[in-house]
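# Examining the three-dimensional arrangement
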Protein chains: 2
Amino acid sequence: MAAAAPPPPPAPAPTPNMALPDDSPLLHPLFARVRLATLLDVPHIHKQIHQMAVFERLTHLCSATEASLAATLFNSPPFQSFTVFLLEVSHSPFLDPSPGQNPNPAFTPISRTINLDLAIEDPESETFRSEEGVTIAGFVLFFPNYSTFLAKPGFYIEDLFVRECYRRKGLGKMLLSAVAKQAVKMGYGRVEWVVLDWNVNAIKFYEEMGAKVLQEWRICRLTGDALEAYRHFSDH
Amino acid sequence: MAAAAPPPPPAPAPTPNMALPDDSPLLHPLFARVRLATLLDVPHIHKQIHQMAVFERLTHLCSATEASLAATLFNSPPFQSFTVFLLEVSHSPFLDPSPGQNPNPAFTPISRTINLDLAIEDPESETFRSEEGVTIAGFVLFFPNYSTFLAKPGFYIEDLFVRECYRRKGLGKMLLSAVAKQAVKMGYGRVEWVVLDWNVNAIKFYEEMGAKVLQEWRICRLTGDALEAYRHFSDH
């Protein structure tokens with residue numbers, strides 16, 4: 001991503017049916033889980049970054065490889081630096097790891113059940129099959145930022161991505177909510193990300209989630225040769 | 001700061017006279033140095049954050065205290081998380097620390113000599129005197145960010161501040177250049193910050209430094225009660 005979260009699902013997500021009466025039939029339940037990603041997930045993260053670049057018509061700017069992602073991610077404990085949550089989906093319920101079995105005690109996975117009218121046809125379910133036999137459906141990459149006015153850290157979301165066939169089902173909201181919940185848990189002051197000004201559906205979705213869009217601020221970026229020009233700044 | 005670097009000196013800084021012939025008289029030399037800040041510098045950083053809030057008429061949003069800054073900054077090695085460079089000025093040259101004497105080997109201080117037409121009257125020189133008897137004139141706070149397209153970290157500059165009597169002398173450029181140089185040294189892909197869209201002088205200054213202003217992106221922010229609402233997200 002070019003310093004930016006990609007557009008989320010183009011329409012506000014329908015609210016997952018969380019308060020389903022016990023006797024409602026689950027015709028097409030989709031079990032969804034958000035968990036911390038690890039180095040082993042890099043191939044799936046890489047494929048999704050490439051899909052995001054295709055969606056944004058920016059493949060010419062995307063030079064990420066599995067090797068370069070593996071070298072730069074997962075070098076710090078979760079939440080202290082660049083952190084990835086993966087979204088997994090399955091036709092069977094996820095079992096909560098028993099205490100002590102959670103592979104990463106820094107974060108307890110968040111599960112939801114979504115009741116679909118129609119089952120999802122996933123043409124890439126084999127490509128995105130994880131080691132545990134479930135399907136990777138999306139991810140969010142975020143890292144700490146800092147506000148001097150609050151004297152508090154926050155989180156900045158660089159990328160939020162849900163694979164095409166899983167969009168408009170509340171899964172983007174589930175990923176974003178997981179980051180917001182983690183920020184609250186850590187006593188952080190803000191969660192921030194960016195959106196394209198013409199992406200009115202995304203803006204509506206974010207505002208419904210409680211975000212304010214700051215209209216006056218513009219991002220400045222120093223990169224490429226213009227950045228390289230500072231290599232010898234002030235060498236004597 | 002409200003997720004934003006403050007406006008820089010309102011006019012492009014005059015180029016410091018770096019190629020002064022040996023026989024040019026230095027009528028009013030100002031010796032400037034950029035060094036890593038430490039916990040001991042928190043009182044000076046706090047006072048400058050407050051001055052920045054006054055300048056931006058946002059004191060009602062500024063809740064930072066010396067204690068809250070001390071608790072949240074300087075918890076990681078430089079450059080790995082929130083990092084502060086301090087700008088010091090003096091009427092006498094700074095002595096390069098001898099090898100092994102540099103208090104923080106992660107960063108070698110950068111020094112410049114600026115030849116002024118008129119000596120600067122600093123009404124707050126006592127308030128901003130450092131332990132070494134020099135004057136604190138500004139600071140920059142920055143931290144790593146990440147681009148998934150580049151699969152590389154970068155730096156995000158949260159605050160860039162030069163005290164009022166030292167503006168328009170190339171010192172803001174010196175602070176920003178120090179961050180850019182460090183990014184290049186570490187193999188990072190970008191340096192980014194934000195600017196208010198009506199601050200045309202700042203935008204001109206940044207463009208002259210090689211930055212591009214991204215016109216289409218808007219910042220989204222989830223904070224306060226809207227963030228707190230996610231505390232119990234998906235608790236069963």
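Residues numbered from 1 in each chain as written. Chains lettered and ligands numbered in written order. Predicted model: local features only at pLDDT ≥ 70, side-chain atom pairs only at ≥ 80, totals over all residues. Heavy atoms only, no water.

Looking now at the nonpolar core. Phe139 of chain A together with Phe139 of chain B are the most contacted members of the largest nonpolar core, which totals 56 residues. When residues no more than four places from it in sequence are discounted, the contact partners of Phe139 of chain B are Ile45, Gln48, Ile49, Met52, Val84, Phe85, Leu86, Asp159, Leu160, Phe161 and Leu175 of chain B. (Core = buried A, V, L, I, M, F, W, Y, C linked by side-chain atoms within 4.5 Å. Buried < 20%, exposed > 50% of the residue type's maximum accessible area, 1.4 Å probe, protein only. Contact = heavy atoms within 4.5 Å.)

Attention now moves to the sheet that holds strand E2 (residues 83–90) of chain B. Read across the sheet, eight strands follow the order E3(B)-E1(B)-E2(B)-E4(B)-E5(B)-E6(B)-E8(A)-E7(B) without closing on themselves; strand pairing throughout is mixed. The open sheet is flanked by strand E3 (110–116) and strand E7 (212–214) of chain B, the only strands paired with a single partner. Sheet twist, expressed as the average angle between the axes of neighbouring strands with direction ignored, equals 30 degrees. Inspection of the sheet shows strand E1 (residues 28–36) of chain B paired to E2 of chain B by six bridges, in the antiparallel sense. Residue pairing in the sheet places Arg35 of chain B in a bridge with Leu86 of chain B of E2 of chain B. Contacting strand E8 (217–223) of chain A together with E1, E2, E3, strand E4 (135–147), strand E5 (152–162) and strand E6 (190–196) of chain B, helix H3 (residues 171–185) of chain B crosses the sheet at an angle of about 165 degrees to E5 of chain B. Across the sheet, helix H4 (residues 200–208) of chain B lies against E8 of chain A together with E5, E6 and E7 of chain B, angled at about 165 degrees from E6 of chain B, the strand it touches most. (Pairing = 2+ DSSP bridges. Helix = DSSP H or I, 4+ residues; strand = E, 2+ residues; numbered from the N terminus. Axes fitted to C-alpha atoms, helices over the stretch in contact; angles between N-to-C directions.)

A separate point is the packing of aromatic side chains. To describe a pair of aromatic rings, one takes the distance between the centres and the angle between the planes. Residue and element names in this part refer to chain A. Enumeration according to the criterion identifies 28 aromatic pairs over all chains in this entry. Aromatic pair Phe143 and Tyr156: ring centres 5.5 Å apart, planes at 35 degrees, arrangement tilted. Of this pair, Phe143 sits in strand E4 (residues 135–147) while Tyr156 sits in strand E5 (residues 152–162); the two residues are 13 residues apart in sequence, bridging distant segments of the chain. Accessibility expressed as a relative area gives 2% for Phe143, which makes it buried. (Phe/Tyr/Trp six-rings, centres within 6.5 Å; stacked < 30°, edge-to-face > 60°.)

Turning our attention to the pattern of salt bridges. Applying the stated criterion across every chain, the model contains 20 salt bridges over all chains. In this structure, Arg129 of chain A engages Glu126 of chain A in a salt bridge whose closest nitrogen and oxygen atoms are separated by 2.6 Å. Look at Arg129 of chain A and you get partly exposed, because its relative accessible area is 33%. With a shortest N-O distance of 2.9 Å, Arg35 of chain B and Asp41 of chain B are connected by a salt bridge. Residue class for Arg35 of chain B comes out buried when judged on its relative accessible area of 12%. Connected through shared salt-bridge partners, Arg33, Arg35, Asp41 and Glu88 of chain A make up one network. (Salt bridge = Lys/Arg side-chain N within 4 Å of Asp/Glu carboxyl O.)

A few words on the pairing of E5 of chain A. Residues and elements named next belong to chain A. Counting buried residues in E5 gives 10 out of 11 residues, a clear majority hidden from the surface. Examined bridge by bridge, E4 and E5 share 10 bridges and lie antiparallel to one another. Within E5, the position partnered with Val140 by the bridge is Leu160. Linking E4 back to E5 in an antiparallel pair, the connection comprises four residues, with Ala151 at a positive phi of about 50 degrees. Note that E5 and strand E6 (residues 190–196) share two bridges and pair parallel. Within E6, the residue paired with Phe155 across the bridge is Val191. Taken together, E5, helix H3 (residues 171–185) and E6 constitute a β-α-β crossover, and its handedness is right-handed. (Right-handed = clockwise from strand over helix to strand, strands pointing away.)

All names here are of chain B. Inspection of the secondary structure assignment puts Thr83 in strand E2. Taking relative accessible area as the criterion, Thr83 reaches 2% and is therefore assigned buried. Separated by 2.8 Å, the side chain of Thr83 and the backbone nitrogen of Phe79 make a polar contact. Dropping the residues within four chain positions of it, Thr83 is found in contact with Leu36, Pro78, Val140, Leu141 and Phe142. (Polar contact = N/O pair within 3.5 Å; in protein donor to acceptor, adjacent residues only side chain to side chain.)

Residues and elements named next belong to chain B. Of all nine residues in E1, seven are buried; the element is thus mostly enclosed. As paired elements, E1 and E3 share seven bridges and run antiparallel to each other. Bridging across to E3, Arg33 finds its partner in Ser111.

To continue, consider the interface of chain A and chain B. With 81 residues of chain A at the contact, the number on the chain B side is 82 residues. Counting the surface lost from both chain A and chain B, the interface buries some 7500 Å², and carbon and sulfur atoms represent 61% of this. It is Phe149, Trp217 and Arg218 of chain A in chain A that bury the most area against chain B; as a group they hold 14% of the surface buried on that side. Here Arg218 of chain B ties to Asp197 of chain A by a salt bridge, and the two come within 3.5 Å at their closest N and O atoms. Counting the contacts that link chain A with chain B gives 34 residue pairs in polar contact (both at pLDDT 80 or more). Considering every element that reaches the side of chain A that touches chain B, the biggest residue donor is H3 of chain A, with eight residues. Residue classes in the side of chain A that touches chain B are distributed as 50 nonpolar, 16 polar and 15 charged. (Buried area = accessible area lost by both parts, 1.4 Å probe. Nonpolar A, V, L, I, M, F, W, Y, C, P; charged D, E, K, R; others polar.)

Taken by themselves, the reported measurements are silent on function.
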